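A closer look at the structure
What follows is each chain in one-letter form.
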Amino acid sequence: MRPEWQLLLWVGGAFGIGLAVAAYVYRLAGRRLRAFVESETGGVIVEVARFAYFIGLPFLALISGALGADLFGLGAIAVEGAPTLAGFTAREWVRGSATAALAAGFVLIILWLAGRAGDPSVAAASTDRPTPGSALRDAAYAEAHWALYRAPFVLLTEDAYWGAIVGFALAAAEWALLQWLRRTPTRTGQTQALTIGCCALTGSLLYVTTGNLWLMIAAHAAIRWAGGRLLTRSVQAAKI
């Protein structure tokens, strides 16, 4: 089977598993299961399941040979005549880090301005204020998941740009369906959608320009951690 078709099967499996589990927990299961999921023991089990889903599935695709390290954003194992760190040369790290910093900084300015121009009640309804640790964890989960979604379309189109666009559209559709299944309140969903959308767009840009998953995770974590705070603080400043 051709690599792109193998990857499409992996993507279809990940997409279907995520939505099926969400539909069962939030729409079909009773209150007892939801209460268990929200308990301390249930939280540990959920975290293990999330790790297996977001990190385990892409890792299995990697070790099976269906997903290449370069497509996933891990660079090259070795580059002739140049030492590498985590798959990238020193020049690639410097250039990529500058690109990631500029992209994340630009997005944070946009979020700050959006907070000043937005509805204060919408920003106040947001509960998306992660700690640095949880922001980094969620960034690693999301970027590994989205990298898997981009890979088959990069191969099919033979273009990282179009692969990133189709992968972004698929991730956006998945996120919207998950919010619907979870019955996320509209006001909370608006601020989450803005922050997550900015993270996904930034990750797609960095995928095309740097191909470095580590930088995608770093930029995503910075936006997730600071974005919600900037939205809220800029609204408060605008009210003074």
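For the structure itself, consult the block above.
A few points on the structure. If you're wondering where the values come from, they're calculated on a predicted model, not measured in any experiment.

What counts, and at which threshold
- Residues numbered from 1 in each chain as written.
- Predicted model: local features only at pLDDT ≥ 70, side-chain atom pairs only at ≥ 80, totals over all residues.
- Heavy atoms only, no water.
- Helix = DSSP H or I, 4+ residues; strand = E, 2+ residues; numbered from the N terminus.
- Areas by Shrake-Rupley, 256 points an atom, 1.4 Å probe, with all protein chains shown as cover.
- Phe/Tyr/Trp six-rings, centres within 6.5 Å; stacked < 30°, edge-to-face > 60°.
- Buried < 20%, exposed > 50% of the residue type's maximum accessible area, 1.4 Å probe, protein only.
- 1 Å grid on protein atoms, 1.4 Å probe; cavity = no way out; pocket = protein on both sides within 12 Å on 5 of 7 lines; lining within 4 Å.
- Points joined across faces, edges and corners; volume = space filled by probe spheres on them.
- Axes fitted to C-alpha atoms, helices over the stretch in contact; angles between N-to-C directions.
- Parallel < 35°, antiparallel > 145°, perpendicular 65-115°, else oblique.
- Left-handed = near helix turned anticlockwise from the far one by under 90°.
- Contact = heavy atoms within 4.5 Å.
- Core = buried A, V, L, I, M, F, W, Y, C linked by side-chain atoms within 4.5 Å.
- Salt bridge = Lys/Arg side-chain N within 4 Å of Asp/Glu carboxyl O.

A tally of helices and strands in the protein chain yields 10 helices and 2 strands. Secondary structure elements of the protein chain occur, N-terminal to C-terminal, as α-α-α-α-β-β-α-α-α-α-α-α. Carbon and sulfur atoms form 68% of the exposed surface of the protein chain, whose accessible area is close to 12,900 Å².

The tally for this structure, following the rule as stated, stands at 6 aromatic pairs. Ring geometry for Phe15 versus Tyr149: centroids 6.4 Å apart, planes at 45°, classification tilted. Of the two residues, Phe15 is situated in helix H1 (residues 3-28) and Tyr149 in helix H7 (residues 132-157); the sequence distance between them amounts to 134 residues. Just as Phe15 is buried, Tyr149 falls in that class too. Look at Tyr53 and Phe54: their rings are 4.9 Å apart centre to centre, the planes differ by 75°, and that puts the pair in the edge-to-face class. Classification of Tyr53 by relative accessible area gives buried; the value is 15%. Within the aromatic cluster, the residues linked to one another by ring pairs are Phe51, Tyr53, Phe54 and Tyr141.

Throughout the structure, instances matching the rule amount to 1 cavity of 30 Å³ or more. Counted as a void, the largest cavity has a volume near 50 Å³. Every residue lining the largest cavity is listed: Trp146, Arg150, Gly167, Phe168, Ala171, Ala200 and Ser204. Elements with a contribution of two residues or more to the lining of the largest cavity: H7, helix H8 (160-182) and helix H9 (186-209). Tallying contributions element by element places H8 first for the lining of the largest cavity, with 3 residues.

With that settled, the discussion passes to the packing of H1 against H8. Close contact between H1 and H8 brings their axes to 9 Å; oriented N to C, the two are set at 15°. It follows from the interaxial angle that H1 and H8 lie roughly parallel. The chirality of how H1 crosses H8 is right-handed. On H8, the residues touching Val11, Ala14, Phe15, Gly18, Leu19, Ala22, Ala23, Tyr26 and Arg27 of H1 are Leu170, Glu174, Leu177, Leu178, Trp180, Leu181 and Arg182.

Quick look at the nonpolar core now. Generally speaking, nonpolar side chains in soluble globular proteins are found buried as a group. One finds Leu7, Leu67, Leu71, Leu148, Tyr149 and Ile223 to be the most contacted residues of the largest nonpolar core, which totals 49 residues. For this core, the elements supplying multiple residues, two or more each, are H1, helix H3 (40-64), helix H4 (69-72), helix H5 (90-117), H7, H8, H9 and helix H10 (213-239). It is H7 that provides the largest number of residues to this core, a total of 10 residues. The residues touching Leu71, leaving out its near neighbours within four places in the chain, are Leu7, Ala151, Val154, Leu155 and Tyr207.

Right, let's get into the pattern of salt bridges. Scanning the model with the defined rule gives 7 salt bridges in all. With its nearest N and O atoms 2.4 Å apart, the salt bridge here joins Arg2 to Glu4. According to the relative accessible area criterion, Glu4 is buried, its value standing at 8%. Asp138 is the partner of Arg224 in a salt bridge, and the nearest nitrogen-oxygen pair spans 3.6 Å. Taken together, the positions of Arg224 in helix H10 and Asp138 in helix H7 put the pair 86 residues apart, joining distant regions of the chain. In this structure, Arg224 and Asp138 share a single accessibility class: buried.

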